[in-house]
Amino acid sequence: MTVLAVDTPEDATLDVVFVHGLDGDAQSSWSRESSSSFWPRWLAEDIPSLAVWSVGYEASSSRWRGRAMAMEDRAINLLAELQNHGIGNRPLCFVTHSMGGLLVKEMLLHAAEGRTDFANFADATKGVVFLGTPHTGSGLTKAVQALKILYRSTPAIRDLKRNSAHLRHLGDDYRDWSNQVGLRNLVFFEAYRTKGVRVVDEASANPGLAGVRPIPVDADHVDICKPADRTSVVYGQVLRLLSEIRKGREGSTSSSGSQEPLLVPIDELDAFDLEVHPAISQGTNVDGLPPLPIYVDRPHDLRLRQIVNSCESGESAAAVLVGGSSSGKTRAAWEAVRRLPKSWSLWHPLSPGRPKAVLDGLDEIPPRTVLWLNELQHYILTSPPEVGEEVAARLRVLLRDDGRAPILIIGTIWPEYLAKISAAPPGGDFDLHSQARSFVVPVEIKVPSSFSAAELETAREAGDPRLTQALSHSKAGEITQYLAGARALLERYESAPPAAQAVIKVAIDAQRLGYAENLSRSFLERAAAGYLSDNEWLALGDDWLDQALEYTAGKCHGAVGLLVRQRLRPGQGTEELPHFRLADYIAQWGRKVRCFEIPPVDFWEAGVEHISTAKGLVLLGEAAAIRWRVRYAVLLYQRAIDMGEPLALLRMGELEEKRGDSTLAIDFYLRGAHAGNLKAQLKLAEMLTLQGELTDAKKWLRAAADQGEFRALESLAEIAERAGEVPAAIELLQQAVELAGRLEASRPLRQLARLQESLGNDGEAETLRELSKAGFQTVVRRSLQDIAKRSGGMTMLKDELLAGVSEAQAEGRTARSSDLELLAEIYEEEGELDKAEAVADLAAEQGYPTVLLTLVAERFNRGNKKEAERLAQKAADAGDSYGLHELARCNPDDGRLQQLLEFGLEPDGQISPLPSDASDHR
């Protein structure tokens, strides 16, 4: 063991320790050719108060082996050596290469246990740099295999392979601890192969830490830790990290450990920092214009101003502006808050991830703070939904806390996202968004997509040349859309060269399928190939992606481009791997025009290979599953499972249950239940109950009840009732009512009423039924004939529905799904099948593919099986595969449908064979 003191000034304020990987040493691992390229010394020269050390140890013949691994011994040995050199008594940062990163994680977790003399290392460590380090799951296994090729099968590598399970747990534990203490992590991966082998790619390098994205480096696995000069990305990023740590900018925390919010005084706000769209500029020929056009007040502004005034008088309040892309929501919010007194501040929570930023900082915001939640769906429509529900619940509590008043919460959301949370589910279904609904619905303010005649006249009289230009070019009064460059964006997309258009289609498909943020360059590059014809692909130059991204980033009449690189602003967190975001208007437009399009194979392969977060993998896996692209759902979920994501186990269980494999479904539910996933516990208990394994079922129901799930108590009550234990069932239902709360207690109250009635307690039963009416009720839709009769006949009902749909379209909002479903049924019954399908298509474009399933059932029942199957696949392509499942269930002798049920569809719509690369999950 060698601890090389590179430079140790007496007034040092920060220790930096370099730890090499396999076949390395304290000097050559960090030098490219000569001693002058030894970059630890560069750091000492550029930051005078830095104490720089480099550790050397035997890494190729250490024979790390045994269940606990000799790596653990090496970790303790290294901690002791560093302690002997006085390291650990002041702030500390590690720089690691390859397997050296695993060693440092082992050291820090040992220190974090706090039971030895090395506990101070956990408190002292402020940052870790990982260069080409494989972290968890399949990525670790892949890297070990690659190292085996490079270094042959040394004892170290053989033992790493044998102990891969330990290393996966090490990665999980480090991720949890690092996120908890707010440790700064900087992660790099090599872009090139080493002797024909890619050792650590983007997925392998990703430790799954909040707010951390791996940075690609133009180097192989050997040279990634040997920057050529001070201008290299590795050196620049490490220098930046150390400078911030040394200056104490690693992130201030409150006494409670929560992240302090970054508050900006109201009089220092910048509209564009708050994501207000830049307005058109080209063609006005006028100098000296203000950054934003003159604002035209509309009715929603008056209501918003009243809410802001109530906050000025000392009350907390909230407002959520609901409107389509570029309809003026964010500008309206900006115009309202900028008029608050200078004593107010604004908090725009973004990093590390929007929901986590809110949860970490909400307790620390003082009175007279505006909580700015633009694009509210990113905060409350999360995967898993429990995170968004916690955000919404915490916001509701904040509004009721008079001791924190006044607080103004202001958000924006698209209508299609609001539709997902605004309606309670049918009785018995999980209510995934009850808190979100309770927060948003009472405070929503609709923002029309177009100006009224009076508002257009006001805009015409304003004298702003940009408004004049918008008035002369926009359609149907869509002034704000034109001002934001929406029409120019669409024109630029339609005239884009093939590669640029392919990249945009990738981004559209990713966003409409749920993966809305953080599109990496590698993902775009891998997926785009599938959107190009053979001739288009052959015609591309080597720099085709750079040219495509340059085109998509080009501004349109001064507005932001089609697809632009995102950057974090100072104070919002560390710089992440370059990622790209689609313009809102193109995202909303693309959601409709590509509603029935299934992305090509390359898109799904890109997801499997280049999505580096468990959340992203689950989201894309869910999109594949609801479209019955089973093979890719399995691959995506499996990668998320390898990263330790319990939600992926639940989703895999649901997938296997739909395929009819109850044994595999139970296995995945069991693993998810052990990992603490509440719904997995309930699903497991449900299946065990059906199989008669009541002892185990009750165990998991009790576990779910202990987490606050009242439905688990209902299920326990049903089991007790079937066993003749009515008093026990009543007691359980009483507990369920108490746990459910007033709004959700309807069903257990009705069950209680039924049991009390069976005991002859009619008065008590009637009281319980009256109480049950206060909560959410199960609604069974009447038949079409009954509804028509109540509406004055089929003709009047049809006219009423058509008027409602037309009004919704005129106002730029989505028509009610129930109206579209009834209208499609009427056309179907009248024999106007094309019109029925057109209405169902409109519903699917607006996010309601279930309307297509109404037609599937009608045509199947009329004996038109071929048409039913076509529409069922169309519904699956749009995002609802229930029709395919039902067709297969109703035709047990149809081998083709049974094959479809078991193996799913390929992206091109063909039935999949058994996926050989995913068969090992069985």
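Residues numbered from 1 in each chain as written. Predicted model: local features only at pLDDT ≥ 70, side-chain atom pairs only at ≥ 80, totals over all residues. Heavy atoms only, no water.

### Describing the packing of aromatic side chains
Stage number 1. All told, the structure shown has 15 aromatic pairs when counted by the stated rule.
Stage number 2. Aromatic pair Trp-39 and Tyr-235: ring centres 6.2 Å apart, planes at 80 degrees, arrangement edge-to-face. Of this pair, Trp-39 sits in helix H1 (residues 39-46) while Tyr-235 is found in helix H9 (residues 233-246), placing the two residues 196 residues apart along the sequence.
Stage number 3. In this structure Tyr-235 comes out as buried when scored by relative accessible area, which is 1%.
Stage number 4. Where Tyr-493 meets Trp-589, the ring centres are 5.3 Å apart and the plane angle is 70 degrees; that geometry is what we call edge-to-face. Pair noted here: Tyr-493 is in helix H20 (residues 486-494) and Trp-589 is in helix H25 (residues 584-593), with a separation of 96 residues, a long-range link.
Stage number 5. According to the relative accessible area criterion, Trp-589 is partly exposed, its value standing at 23%.
Stage number 6. Of the aromatic side chains, those joined through ring pairs into one cluster are Phe-18, Trp-30, Trp-39, Trp-42 and Tyr-235.
Stage number 7. Arg-492 extends its terminal NZ or CZ atom over the ring of Tyr-551, reaching a point 3.9 Å from the ring centre. (Phe/Tyr/Trp six-rings, centres within 6.5 Å; stacked < 30°, edge-to-face > 60°. Helix = DSSP H or I, 4+ residues; strand = E, 2+ residues; numbered from the N terminus. Buried < 20%, exposed > 50% of the residue type's maximum accessible area, 1.4 Å probe, protein only. Lys NZ or Arg CZ within 6 Å of the ring centre and 35° of its normal.)

### Regarding the sheet that holds strand E2 (residues 14-19)
Stage number 1. If you trace the seven strands from one edge of the open sheet to the other, you get E1-E3-E2-E4-E5-E6-E7, paired in mixed fashion. Edge positions in the sheet fall to strand E1 (2-7) and strand E7 (215-217), since each has one partner strand and no second. Pairs of neighbouring strands in the sheet enclose a mean axial angle of 20 degrees, with direction left out of account.
Stage number 2. Here E2 pairs with strand E4 (residues 92-97) via five bridges, running parallel. Paired with Val-19 across the strands is Thr-96, a residue of E4.
Stage number 3. In this fold H9 packs onto E2, strand E3 (50-56), E4, strand E5 (125-131), strand E6 (184-190) and E7, with an angle of close to 175 degrees to the strand it touches most, E6. (Pairing = 2+ DSSP bridges. Axes fitted to C-alpha atoms, helices over the stretch in contact; angles between N-to-C directions. Contact = heavy atoms within 4.5 Å.)

### So, the pairing of strand E9 (residues 317-322)
Stage number 1. Summarising burial for E9: six of the six residues are buried, a large majority.
Stage number 2. Of the two faces of E9, the one holding Ala-317, Ala-319 and Leu-321 and the one holding Ala-318, Val-320 and Val-322 are both buried throughout.
Stage number 3. Both E9 and strand E12 (residues 407-413) contribute to a ladder of six bridges, which runs parallel. Bridging across to E12, Ala-319 finds its partner in Ile-410.
Stage number 4. Relative to strand E13 (residues 444-446), E9 is paired through three bridges, and the arrangement is parallel. Each bridged residue has a counterpart across the sheet, and for Val-320 the counterpart in E13 is Glu-444.

### A look at the packing of helix H35 (residues 746-758) against helix H36 (residues 762-772)
Stage number 1. Between H35 and H36, the shortest axis-to-axis distance is 8 Å and the interhelical angle comes to 170 degrees. With respect to each other, H35 and H36 are oriented roughly antiparallel. Here H35 and H36 pass one another in a crossing that is left-handed. Facing H35, whose interface residues are Ser-746, Leu-749, Arg-750, Leu-752, Ala-753, Arg-754, Gln-756 and Glu-757, H36 presents Asp-762, Glu-764, Ala-765, Leu-768, Arg-769, Leu-771 and Ser-772.
Stage number 2. Broken down by class, the residue content of the contact of H35 with H36 amounts to six nonpolar, three polar and six charged. (Parallel < 35°, antiparallel > 145°, perpendicular 65-115°, else oblique. Left-handed = near helix turned anticlockwise from the far one by under 90°. Nonpolar A, V, L, I, M, F, W, Y, C, P; charged D, E, K, R; others polar.)

### Looking at the packing of helix H33 (residues 710-722) against helix H34 (residues 726-740)
Stage number 1. In contact at an axis separation of 8 Å, H33 and H34 are set at 170 degrees when each is read in the N-to-C sense. Between H33 and H34, the angle is such that the two are roughly antiparallel. Between H33 and H34, the residues in contact are Phe-710, Leu-713, Glu-714, Leu-716, Ala-717, Ala-720 and Glu-721 and Ala-728, Ala-729, Leu-732, Leu-733, Gln-735, Ala-736, Leu-739 and Ala-740, respectively.
Stage number 2. Partitioned by chemical class, the residues of the contact of H33 with H34 number twelve nonpolar, one polar and two charged.

### A word on the side chain of Arg-651
Stage number 1. Examined against the element boundaries, Arg-651 turns out to sit in helix H29 (residues 646-659).
Stage number 2. Looking at Arg-651, the relative accessible area reads 16%, which means it is buried.
Stage number 3. Among the polar contacts listed, one links the side chain of Arg-651 to the side chain of Glu-654, at a separation of 3.1 Å.
Stage number 4. Those residues within four positions of Arg-651 in sequence are excluded, and the remaining contacts are Val-618, Glu-622 and Tyr-637. (Polar contact = N/O pair within 3.5 Å; in protein donor to acceptor, adjacent residues only side chain to side chain.)

### Re the environment of Ser-520
Stage number 1. You can see Ser-520 is positioned in strand E14 (residues 519-520).
Stage number 2. Residues Ser-520 and His-610, 90 residues apart in the sequence, show an inter-C-alpha distance of 7.9 Å.
Stage number 3. Of the polar contacts made by the side chain of Ser-520, one reaches the side chain of Ser-522; its length is 3.1 Å.
Stage number 4. At 3.2 Å, the side chain of Ser-520 forms a polar contact with the backbone nitrogen of Phe-523.

### Side note on the side chain of Ser-29
Stage number 1. With respect to the helices and strands, the residue Ser-29 is situated in the loop between E2 and H1.
Stage number 2. At a separation of 3.0 Å, a polar atom in the side chain of Ser-29 contacts the main-chain amide nitrogen of Asp-25.
Stage number 3. When residues no more than four places from it in sequence are discounted, the contact partners of Ser-29 are His-20, Gly-24, Cys-225 and Lys-226.

### Re the confidence of the model for the protein
Stage number 1. With 86% of its residues at a pLDDT of 70 or more, the protein shows a mean pLDDT of 84.
Stage number 2. Segment residues 282-286 is flagged for pLDDT under 50; beyond a separation of four residues in sequence, or across chains, it makes eight contacts in the model. (pLDDT = per-residue confidence, 0-100.)

### Things to note about the nonpolar core
Soluble, globular proteins show a tendency: their nonpolar side chains are buried together.
Stage number 1. One finds Ile-586 and Phe-603 to be the most contacted residues of the largest nonpolar core, which totals 173 residues.
Stage number 2. For Ile-586, the contacting residues outside a window of four places in its chain are Leu-489, Leu-490, Ile-504, Ile-508 and Leu-562.
Stage number 3. Within the second largest apolar cluster, 43 residues are counted, among which are Leu-78, Leu-82, Leu-109 and Leu-209. (Core = buried A, V, L, I, M, F, W, Y, C linked by side-chain atoms within 4.5 Å.)

### Quick look at helix H31 (residues 678-690)
Stage number 1. Taking 1.5 Å of rise per residue, the 13 residues of H31 would be expected to cover 18 Å, and the 19 Å separating its terminal C-alpha atoms lies within 8% of that figure.
Stage number 2. Considered for burial, the residues of H31 that qualify are Ala-680, Gln-681, Leu-682, Lys-683, Leu-684, Ala-685, Met-687 and Leu-688.
Stage number 3. Looking at the packing, one finds that the buried side of H31 touches H29, helix H30 (662-674), helix H32 (694-706) and H33.
Stage number 4. Backbone nitrogen of Lys-679 and a side-chain oxygen of the N-cap are separated by 3.2 Å at the start of H31; the cap is Asn-677. (Expected span 1.5 Å × (residues − 1).)

### Regarding helix H42 (residues 865-878)
Because an α-helix packs 3.6 residues into every turn, residues spaced three or four apart end up facing the same way.
Stage number 1. In this model H42 runs 20 Å from its N-terminal to its C-terminal C-alpha over 14 residues, within 8% of the 20 Å that 1.5 Å per residue would give.
Stage number 2. Of all 14 residues in H42, ten are buried, a share of seventy percent or more.
Stage number 3. What H42 keeps buried is the set Ala-868, Glu-869, Leu-871, Ala-872, Gln-873, Lys-874, Ala-875, Ala-876, Asp-877 and Ala-878.
Stage number 4. Next to the buried residues of H42 lie helix H27 (614-626), helix H40 (833-845), helix H41 (850-861), helix H43 (882-890) and helix H44 (895-903).
Stage number 5. Looking one or two residues beyond H42, the residue adopting positive phi is Gly-879, at roughly 120 degrees.

### Some words on unusual backbone geometry
Stage number 1. The residue after Ala-405, namely Pro-406, is reached through a cis peptide bond having omega 0 degrees.
Stage number 2. Within the element layout of this structure, Pro-406 appears in the loop between helix H14 (385-400) and E12.
Stage number 3. Unlike most non-glycine residues, Ser-98 shows phi in positive territory, near 55 degrees.
Stage number 4. Looking at the element boundaries, Ser-98 is found in the loop between E4 and helix H3 (99-112).
Stage number 5. When its relative accessible area of 2% is taken as the criterion, Ser-98 is described as buried.
Stage number 6. Of note, the phi angle at Arg-368 is positive, near 60 degrees, even though the residue is not glycine.
Stage number 7. Structurally, Arg-368 can be placed in the loop between helix H12 (354-361) and strand E11 (369-373).

### Some details on the environment of Gly-101
Stage number 1. Inspection of the secondary structure puts Gly-101 in helix H3.
Stage number 2. Classification of Gly-101 as buried rests on a relative accessible area of 0%.
Stage number 3. As a C-alpha pair, Gly-101 and Val-129 span 28 residues in sequence and 8.1 Å in three-dimensional space.
Stage number 4. Not counting residues up to four positions away in its chain, the partners in contact with Gly-101 are Thr-96, Phe-130 and Thr-133.

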